Amino acid sequence: MPHSVYTTSDEVLRRSMKLAEELDMMLHIHLSESAGEVEQCRSLHGGRRPVGYARDMGLLNERAVLAHMVDVTDEELELVAASGAAVVHNPVSNLKLASGFARVRDMVQAGVPVSLGTDGACSNNSLDMFETMKLAAILAKGYSGDATALPAMQALKMATAEGARIFRTPGLGTLVPGAPADMIALNLDEPNLCPMFNETSHAVYASSGKDCVFTMVEGKILYDHGIYTDGLYADTAAEMRDLVEWVKGGNDS
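In what follows, the accompanying structure is described. (Residues numbered from 1 in each chain as written. Predicted model: local features only at pLDDT ≥ 70, side-chain atom pairs only at ≥ 80, totals over all residues. Heavy atoms only, no water.)

1. Brief notes about a negative patch on the surface
Rule in force here: Each patch is built from residues lacking any salt bridge and having more than 30% relative accessible area; the joining distance is 9 Å for like charges and 5 Å for nonpolar side chains (Val, Leu, Ile, Met, Phe, Trp, Tyr). Reported accessibility uses the Shrake-Rupley method at a 1.4 Å probe radius. Residues are deemed covered only where the shown protein chains occlude them. The term salt bridge refers to a pairing of a side-chain nitrogen on Lys or Arg with a carboxyl oxygen on Asp or Glu at a separation within 4 Å. Counted as positive: Lys and Arg. Counted as negative: Asp and Glu. His and the chain ends are not counted at all. Taken as the charge location is NZ of Lys, CZ of Arg, CG of Asp or CD of Glu. Strands here are runs of E lasting at least two residues and helices are runs of H or I lasting at least four, both read from the DSSP assignment and numbered beginning at the N terminus. Throughout, exposure labels follow a simple rule: accessible area from a 1.4 Å probe, protein chains only, divided by the maximum for the residue type, with under 20% read as buried, over 50% as exposed, and the rest as partly exposed.
On the surface, a cluster of negative charge is made up of D230, D235, E239, D242 and E245. Tracing the backbone through its elements, the reader meets D230 in the loop between β8 (227–228) and α11 (232–248). Exposure remark for D230: the relative accessible area of 31% places this residue in the partly exposed category.

2. Focus: unusual backbone geometry
For the bond running from C194 to P195, omega is -5 degrees, close enough to zero to count as cis. Tracing the backbone shows P195 in the loop between β5 (183–186) and α10 (199–206). Phi at E218 is positive, roughly 50 degrees, even though this residue is not glycine. As for its position among the elements, E218 is in the loop between β6 (212–217) and β7 (220–224). By relative accessible area, which is 65% here, E218 ends up exposed. Of note in this structure, H225 is not a glycine but carries a positive phi near 50 degrees. Along the chain, H225 falls in the loop between β7 and β8.

3. Side note on empty space enclosed by the protein
Put simply, the rule is: A 1.4 Å probe that fits into a set of points on a 1 Å grid over the protein atoms alone but cannot get out defines a cavity; an open set with protein on both sides within 12 Å along at least five of seven lines defines a pocket, and lining residues are those with an atom within 4 Å of a point. Grid points are joined across faces, edges and corners, and a volume is the space filled by probe spheres set on the points. Here the nonpolar group is Ala, Val, Leu, Ile, Met, Phe, Trp, Tyr, Cys and Pro; Asp, Glu, Lys and Arg are the charged ones; every other residue, Gly included, is treated as polar.
Following the criterion strictly, the structure yields one cavity of 30 Å³ or more and no others. Looking at the largest cavity, its volume works out to about 60 Å³. H89, P91, N94, G100, F101, A102, V104, A136, L139, A140 and Y143 together form the lining of the largest cavity. Among the secondary structure elements, those contributing two or more residues to the lining of the largest cavity are α5 (91–96) and α7 (129–144). Looking at the lining of the largest cavity element by element, the count peaks at four residues for α7. A class-by-class count of the residues in the lining of the largest cavity yields eight nonpolar, three polar and no charged.

4. Focus on the pattern of salt bridges
This structure, assessed with the given rule, holds 12 salt bridges. Across the pair R42 and E39 runs a salt bridge, and its minimum N-O distance is 3.6 Å. With R42 and E39 both in helix α2 (residues 35–44) and three residues apart, this pair spans about one turn of that helix. R165 is the partner of E162 in a salt bridge, and the nearest nitrogen-oxygen pair spans 2.6 Å. Of this pair, E162 and R165 both sit in helix α9 (residues 161–166), three residues apart, which is roughly one turn of the helix. The network of salt bridges with shared partners includes D24, R63 and R168.

5. Topic: the packing of α7 against α10
Basically, it comes down to this: Where helices are involved, their axes are fitted lines through C-alpha atoms of the stretch in contact, as for all axes, and angles between N-to-C directions lie from 0 to 180°. For classification purposes, angles smaller than 35 degrees are called roughly parallel, those larger than 145 roughly antiparallel, those between 65 and 115 roughly perpendicular, and all remaining angles oblique. Note on contacts: a residue pair is in contact if any heavy atoms of the two residues lie within 4.5 Å.
Following both chains from N to C, one finds α7 and α10 inclined at 95 degrees, their axes separated by 7 Å at the closest point. Our classification of the angle between α7 and α10 gives roughly perpendicular. Counted together, F130, M133, K134, A137, I138 and K141 of α7 and A203, V204 and Y205 of α10 form the full contact between these two elements.

6. Notes on the layout of surface pockets
Each pocket or cavity is described by its volume, and for the largest pocket that value is around 1200 Å³. Forming the walls of the largest pocket are 38 residues, and the residues nearest its centre are F130, L156, A159, T160 and I184. Every element with two or more residues in the lining of the largest pocket is listed here: β4 (114–116), α7, α8 (152–159), α9, β5, α10 and β6. Residues belonging to the lining of the largest pocket are distributed by class as follows: 23 nonpolar, 11 polar and four charged.

7. Side note on the sheet that holds β7
Short version of the rule: Pairing between two strands requires that DSSP report at least two bridges joining them.
Taken together, four strands build an open sheet; the order of strands is β5-β6-β7-β8 and the sheet is antiparallel. Of all the strands in the sheet, just β5 and β8 have a single pairing partner and so form its edges. Pairing analysis gives four bridges linking β5 to β6, with the strands arranged antiparallel. The residue of β6 that forms the bridge with M183 is M216.

Shown next, in the form of structure tokens:
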């Protein structure tokens, strides 16, 4: 999984896609995240923008999952749509890094599959998918000037079933017979969720990760009303505290 076109060489990019094909896997890469990235790519690669350069490296096909895609032209969106590649939209990261506003509605209208992501903790401290859903929906409305753009149900699907489809994991993101028993439950007694008129609207516009009181993955309960049932959280938190102290100590060891 190469990080981006500006951190890897031509050879690495080509070999990465070749390996993905050999292993029958997806290839994830950050692409056209900002205007600065576009200009850097043009200066290094004979005036080619990141999308065109990625195409020339053989990266644009149905295996490609492109993160961000903020600074793109209409022609580039058409190229991505025709290639079968998908996009992961990271609205919180785009805002914190002042990268700009991804044209999500235009992507969808062009036929590009779009899911939602958080990016890393350095550019999205909370990693809260509820926050991501809300921002994806309201940014699409504000950027387009159309209050009907990216409705709540579409944002919810982007965060669940659409992401599973893009990454070729059938059944994930849905609650149907035969699918993995992955689910969460929200506390509907919280003030921000009372009264309940529309479940989808509440999930996208009114909820946050703090409203989650139950988490199950493949039938195993991992979190239940304040208790992390597998014990991993306490161990991980302790390791992180030790790591922080090690960093503050100047990495003497």
